[in-house]
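Below are the chains, spelled out letter by letter.
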Amino acid sequence: METVVSGIRPTGNLHLGNYFGAIKSFVQMQNEYNCYFFIADWHSLTTRPKPESIVNSARTILAEYLACGIDPEKATIYIQSDVKEVLELYLYLNMNAYLGELERTTTFKEKARQQPDNVNAGLLTYPTLMAADILIHRAVKVPVGKDQEQNMEMARKFARRFNNMYEVELFPEPASFSFTDKAIKIPGLDGSGKMGKSDGNCIYLYEDEKSIRKKVMKAVTDAGPTVPNSEKPEVIQNLFTFLDIVSSKDTYNYFEEKWNDCSIRYGDLKKQLAEDIVTFTNPIRERIEEYTNNTELLDKIALQGAEKARESAVKTIQEVRRIIGFK
Ligand code: TYM
């Protein structure tokens, strides 16, 4: 059975971008693949979280994973920092990762701009840690959103480089995966860029109805179409992207027709969209509440997951050590 790995940083609650970019694929893939889904708590250290928030943030994501339908009987769910072998592989990969290529990655440049007082080596080597997460289980598929494409390219490059350097075929080159055919980017509702925590434009899976409706009704629109069948400007296309992922085909087609004959009323579209988002998130929110209160269960799942993940990680690291020349 082919192996799949993916992770999410525990920096707050999960949002619709995380769900449609990654988690929806996790839930589908767990039935067909040997899956490892983890919580990337080491990665979150690049922004210096408070010690007391570390354990709680990991539990939050764990509860949300379960509420979305990731099943610990089918997939291995673990916390990154419980599998120390990842760090050893991170070190080996770093020895063959070059300053120039790390500095050129878009996320590094972006982060360096966002936090100029804290441009740390962890930010620079973020792609090698991510590659170590994936290669430690020798994964072939990685369900991620479009924003991770460059990191995935780096992971493939590091895998290839290791194989070439030691003339082995240890690491497969991992491919990005999405439940649709192409990489997904969920937009923000503020008319700009992607939905992201640091951009403050998220709809969270845990968000209450009132707040969701308010955010959707406030979404940016324009004056409306004047020419039939015209191309949609970005802010309107964003709303249709949301309709496409949470509403029925009929609803989507209804508003598409209204757009095409220039009779669309954005107020109606947003009302329907808010309704459909709420219908989608409500049951997830209820399950998040149930799991969040059951810390004993969460800790048990994390422990069992760590044991299973370590079994696989130890096998890879033993091979790597042998190949590199350590006894
Ligand atoms: P993170 O924590 O930023 O996001 C987690 C997942 O959610 C996806 N995502 C989106 N997809 C579509 N549209 C959006 N607006 C959107 N926002 C977030 C991300 O693409 C991602 O799949 N580097 C990773 C975490 C990581 C990882 C890994 C992932 C660490 N090691 C190994 C895969 C494999 C990150 O920061 O994701």
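Since this is a predicted model, take the numbers as computed values, not measurements.

Reading guide: rules and limits
Residues numbered from 1 in each chain as written. Predicted model: local features only at pLDDT ≥ 70, side-chain atom pairs only at ≥ 80, totals over all residues. Heavy atoms only, no water. Near = heavy atom within 4 Å. Polar contact = N/O pair within 3.5 Å; in protein donor to acceptor, adjacent residues only side chain to side chain. Areas by Shrake-Rupley, 256 points an atom, 1.4 Å probe, with all protein chains shown as cover. Helix = DSSP H or I, 4+ residues; strand = E, 2+ residues; numbered from the N terminus. Nonpolar A, V, L, I, M, F, W, Y, C, P; charged D, E, K, R; others polar. Core = buried A, V, L, I, M, F, W, Y, C linked by side-chain atoms within 4.5 Å. Buried < 20%, exposed > 50% of the residue type's maximum accessible area, 1.4 Å probe, protein only. Domains from an automatic or database assignment. Contact = heavy atoms within 4.5 Å. Buried area = accessible area lost by both parts, 1.4 Å probe. Salt bridge = Lys/Arg side-chain N within 4 Å of Asp/Glu carboxyl O. 1 Å grid on protein atoms, 1.4 Å probe; cavity = no way out; pocket = protein on both sides within 12 Å on 5 of 7 lines; lining within 4 Å. Points joined across faces, edges and corners; volume = space filled by probe spheres on them. Phe/Tyr/Trp six-rings, centres within 6.5 Å; stacked < 30°, edge-to-face > 60°. Lys NZ or Arg CZ within 6 Å of the ring centre and 35° of its normal.

Visitor: I keep staring at the site of the ligand and nothing clicks. Help me out?
Guide: Residues in close proximity to the ligand total 26 residues, the closest being Arg 9, Tyr 126, Asp 133, Asp 147 and Ile 186. Taking Gly 145, its main chain carries an N or O atom lying 2.8 Å from an oxygen atom of the ligand. Here an oxygen atom of the ligand sits 2.4 Å away from a polar atom, N or O, in the side chain of Asp 147. Its free accessible area being 710 Å², the ligand has 97% of it covered by the protein chains. Counting residues per element, the ones that place at least two in the shell around the ligand are strand 1 (3-8), helix 1 (16-29) and helix 7 (126-135). Split into classes, the residues belonging to the shell around the ligand amount to 12 nonpolar, nine polar and five charged.

Visitor: Can you help me understand the nonpolar core in this one?
Guide: A general tendency of soluble globular proteins is for nonpolar side chains to be buried together. Ranked by internal contacts, the top residues of the largest apolar core, which has 58 residues, are Ile 23, Tyr 65 and Phe 240. Residue contributions to this core reach at least three from each of two domains, namely domain 1 (3-184 + 295-324) and domain 2 (206-288). With residues up to four places along the chain from it excluded, the contact list for Ile 23 reads Ile 8, Leu 14, Asn 18, Tyr 65, Cys 68 and Ile 70. In this structure, Tyr 78, Val 86, Leu 102 and Val 142 belong to the second largest nonpolar core, which totals 41 residues.

Visitor: Would you mind showing me how to read the domain arrangement of the protein here?
Guide: Buried accessible area, meaning the area lost when the parts come together, often serves as the stated size of an interface. As assigned here, the protein comprises domain 1 (3-184 + 295-324) and domain 2 (206-288). Contacts between the two partners involve eight residues from domain 1 and, on the opposite side, 10 residues from domain 2. Both faces considered, domain 1 and domain 2 share a buried interface measuring about 780 Å² in area, 79% of it formed by carbon and sulfur atoms. If you sort the residues of domain 1 by the area they bury against domain 2, Leu 16, Phe 20 and Ala 67 come out on top, with a joint share of 61%. One can count zero salt bridges joining domain 1 with domain 2. If you look at where domain 1 meets domain 2, you find one residue pair in polar contact (both at pLDDT 80 or more). At the level of elements, helix 1 and helix 2 (51-68) are the ones that each hand at least two residues to the side of domain 1 that touches domain 2.

Visitor: How should the layout of surface pockets be read in this particular structure?
Guide: Gaps between atoms show up when a probe of the same size as a water molecule is rolled over them. A volume near 380 Å³ is recorded for the second largest pocket. Elements with a contribution of two residues or more to the lining of the second largest pocket: helix 1 and helix 10 (234-246). For the lining of the second largest pocket, the element with the most residues is helix 10, which contributes five residues. Broken down by class, the residue content of the lining of the second largest pocket amounts to eight nonpolar, three polar and five charged. The two domains that each donate at least three residues to the lining of the second largest pocket are domain 1 (3-184 + 295-324) and domain 2 (206-288).

Visitor: Sorry if this is basic, but what is going on with empty space enclosed by the protein here?
Guide: Counted according to the given criterion, the structure contains one cavity of 30 Å³ or more. Approximately 30 Å³ is the volume found for the largest cavity. With three residues, helix 8 (residues 149-166) is the largest single contributor of residues to the lining of the largest cavity. Across the lining of the largest cavity, the residue classes tally to three nonpolar, one polar and one charged.

Visitor: Please explain the packing of aromatic side chains as it appears in this structure.
Guide: Centre distance and the angle of the planes are the two values used to describe a pair of aromatic rings. Using the criterion set out here, one finds 11 aromatic pairs in the structure. Seen from their ring centres, Phe 26 and Tyr 65 are 6.0 Å apart, and the 80 degrees between their planes marks the pair as edge-to-face. Of this pair, Phe 26 sits in helix 1 while Tyr 65 sits in helix 2, and the two are 39 residues apart along the sequence. Neither Phe 26 nor Tyr 65 differs from the other in exposure class; each is buried. In this arrangement the basic side chain of Lys 232 is found over the ring face of Phe 240, its NZ or CZ atom lying 4.4 Å from the centre. One residue, Lys 249, lies across the ring of Tyr 252, its end atom 5.3 Å from the ring centre.

Visitor: How should I be thinking about the side chain of Asn 118 in this particular structure?
Guide: With respect to the helices, strands and loops of the structure, Asn 118 is situated in the loop between helix 5 (106-114) and helix 6 (121-124). Of the residues examined, Asn 118 reaches a relative accessible area of 11% and is grouped as buried. Engagement of the side chain of Asn 118 in a polar contact is seen with the backbone oxygen of Thr 46, the distance being 3.5 Å. Not counting residues up to four positions away in its chain, the partners in contact with Asn 118 are Thr 46, Arg 48 and Leu 123.

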